[in-house]
Amino acid sequence: MRRMRSLRATLTAVATAVAALGLTAVAGSPAQAATPLPAHVFAPYFESWTGESPADLSARSGAKHLTMAFLQTAAKGSCTAYWNGDTSLPVAASSFGADIKTIQGRGGDVIPSFGGYTADTTGTEIADSCTDVDQIAAVYEKVVSTYDIPRLDMDIEVDSLDNTAGIDRRNKAIKKVQDWAAANGRKLEISYTLPTTTGGPAAGGLAVLKNAVANGARVDVVNLMTFDYYDNASHNMAQDTKTAAQGLYNQLAKLYPTKSAAQLWAMIGVTEMPGVDDFGPAETFTLADAKDVYDWANSKGINMISFWALQRDNGSCPGGAAGDTCSGIEQNTWDFSHVFAPFTSGTTAPSNDFSLTASPASGTVKAGASTSATVQTSVTAGSAETVKLTVSGAPAGVTASLSPTSVTAGATSTLTVATTAAAVNGTYTLVVTGASASAAPSATYTLTITGGSGNQCTAAPWASGTVYTGGQQVSYKGHTWKAKWWTTGEEPGTTGEWGVWQDLGAC
């Protein structure tokens, strides 16, 4: 099963020597009592390598809980974990600590996730990399204590499913950190994120769970990646989620024979991939699928709904392939988040809230001219707060401004869009965001430019960390390029006439 992953961690592993451990012993660290997660929670993945603020995206999307991806070592053989294997992002308050506190202050939380596709294929997943169970457990403890979180996730796929020694070390370390948490009065949950077939986890995933039982490691949630089946079959993605979960339920019933049906369903989570997944259009998860899965999840009482990833929940590349930054289908920004957000139970909503709209929501302007729209804020709950307004997404040759930039919820601001003769023809999405002490909704304004210098490239921009397969097209340095075969990290224009990228000309 493949998921889009940044290769930044892999490059760091090559360039960085193994860092010193500097970990505390499991038996000696203090613990606080983190607020438990709701019984039913929506927690989409947040890509930690993008430089974006998880607290900001949480507020803008309405996803109060996030699964933070990923923690791994910087090099194979190390026992020190970093966010995305990046030594500049250690497990410390300086790395996402302020964002996590902000999310927790809003009634949400995060689930740090160890592993992921890159780590699991480079030997940098912590239990694959480190051979000392106590040190692995100390890493888990450090994450729990540093961020005061109630759940850790283990994303185990591809090569890590075949590493029997790593599987055994991981579950032994989980048992140790669970004992540490219990001794300190802390409720700590463990989830396993595993690939699946449409009939449930294959033998490798089931072996991970059997080993956990053998080691006395409690698994609270098994989270299935219900995408990237790569079986060349016809797919109804919502139905496939249901049959995969039913297959998991049947497996769990044998592993935990004393649990009731309700308890078994409450151990199950599903992670979707909105829009086109890595296999291609044959495996497309639609908004209709999302609503179907939402209703099914409520009826079964499963524990968690997630998706890969929050940064993809937008329609900026309709008709495109799977990517880290968009879904590949027609949709509004945060459509999938808005479908799944009500699944979360037991959280306290902010007392104050407001909405944000742009009217008109679109406009066409000739290069060199200007246009405007009214940005309306409206109180939807509680009392009016001060709202700071910003606008992003303006392309070269375009200036977007707001006046005023700060209003009291319920008031309006004017969005002015000015273009120069150098602006490039095309359609662009401007995002207006309003931020208050309790919320940060956004609205989009679609700008179409005519009469400019040249045309906008329509293919998705090339990204070094994205996996491309034969036939996929990207835009890069004003040209459109087509991949001849599978590639990642190879810059278009540098591979030569016989290389992987074919130059289709200027766009």
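Preceding block: the structure.
Sequence order sets the numbering: in each chain, residues are counted from 1 along the sequence as written. It should be noted that, the model being predicted, local features are given only for residues of pLDDT at least 70 and side-chain atom pairs only at 80 or more, the latter also being counted only at that level, while totals for whole chains, interfaces and linings use all residues. By convention in this description, side-chain values take in all heavy atoms of the structure and omit both hydrogens and water.

In terms of burial, strand S5 (residues 109–115) is largely enclosed, as seven of its seven residues are buried. Note that strand S3 (residues 65–73) and S5 share six bridges and pair parallel. Considered in S5, the bridge of Met 68 is made with Pro 112. The pairing criterion is simple: DSSP has to find at least two bridges between the two strands. Strands are runs of DSSP state E lasting at least 2 residues, helices are runs of H or I lasting at least 4, and numbering of each runs from the N terminus. As defined by bridge partners, S5 adjoins strand S6 (residues 151–155) across three bridges and the pair is classed as parallel. The residue of S6 that forms the bridge with Ser 113 is Asp 153. For the exposure calls, accessible area comes from a 1.4 Å probe over protein chains only, and a residue counts as buried if that area is under 20% of its type's maximum, exposed if over 50%, partly exposed in between.

Okay, the pattern of salt bridges next. The term salt bridge refers to a side-chain nitrogen of Lys or Arg lying within 4 Å of a carboxyl oxygen of Asp or Glu. Under the definition given, this model contains 11 salt bridges. The residue Asp 134 makes a salt bridge to Lys 176 at a minimum N-O spacing of 3.1 Å. Highlighted residues: Asp 134 in helix H6 (residues 133–147) and Lys 176 in helix H7 (residues 164–183), separated in sequence by 42 residues. Given a relative accessible area of 44%, Asp 134 falls into the partly exposed group. Taken together, the salt bridges that share partners define one network made up of Glu 125, Asp 128 and Arg 170.

Time to look at the nonpolar core. The biggest cluster of nonpolar side chains holds 94 residues, and the ones touching the most others in it are Phe 114, Tyr 140, Leu 152 and Phe 340. When residues no more than four places from it in sequence are discounted, the contact partners of Leu 152 are Ile 111, Pro 112, Phe 114, Tyr 140, Val 143, Val 144, Leu 188, Glu 189, Ile 190 and Ser 191. Formed by 23 residues, the second largest nonpolar core is a distinct cluster that contains Val 365, Ala 367, Val 417 and Leu 447. Within this scheme, the nonpolar core is defined by two criteria: the residues are buried Ala, Val, Leu, Ile, Met, Phe, Trp, Tyr or Cys, and they are joined through side-chain atoms within 4.5 Å. It only takes one pair of heavy atoms within 4.5 Å for two residues to be counted as in contact.

On to the packing of helix H8 (residues 203–214) against helix H9 (residues 237–255). The angle between two axes is taken between their N-to-C directions and runs from 0 to 180 degrees, where each axis is a line fitted to C-alpha atoms and a helix contributes only its stretch in contact. Two elements in contact, H8 and H9, have axes separated by 11 Å at closest approach and are oriented at 25°. One element, H8, and the other, H9, form an angle in the roughly parallel class. The hand of the H8/H9 crossing is right-handed. Between H8, through Leu 206, Leu 209, Lys 210 and Val 213, and H9, the contact on the second element is made entirely by Leu 248, Gln 251, Leu 252 and Leu 255. In the contact of H8 with H9, the residues fall into six nonpolar, one polar and one charged. Our angle categories are set so that under 35 degrees counts as roughly parallel, over 145 as roughly antiparallel, 65 to 115 as roughly perpendicular, and the remainder as oblique. Each crossing gets its handedness from the near helix: less than a right angle anticlockwise from the far helix is left-handed, clockwise is right-handed. Residue polarity is assigned by list, with Asp, Glu, Lys and Arg as charged and Ala, Val, Leu, Ile, Met, Phe, Trp, Tyr, Cys and Pro as nonpolar; anything else, Gly included, falls into the polar class.

The next subject is the sheet that holds strand S21 (residues 442–450). Sheet strands associate in pairs through backbone hydrogen bonding, adopting either a parallel or an antiparallel arrangement. Read from one edge of the open sheet, five strands run S14-S21-S20-S16-S18, paired in mixed fashion. Each having just a single partner strand, strand S14 (362–366) and strand S18 (406–408) make up the two edges of the open sheet. Taken over all neighbouring pairs, the strand axes of this sheet differ in orientation by 30° on average, direction set aside.

Note on terminology: pairs of cysteine sulfur atoms within 2.5 Å are recorded as disulfides. Counting across every chain of the model gives two disulfides. Here Cys 79 connects covalently by a disulfide to Cys 130, the sulfurs 2.0 Å from one another. With the S-S bond torsion at 85°, the cross-link from Cys 79 to Cys 130 turns out right-handed. Taken together, the residues Cys 79 in the loop between S3 and strand S4 (81–83) and Cys 130 in the loop between helix H5 (126–129) and H6 connect sequence positions 51 residues apart. For the pair Cys 79 and Cys 130, one class covers both residues: buried.

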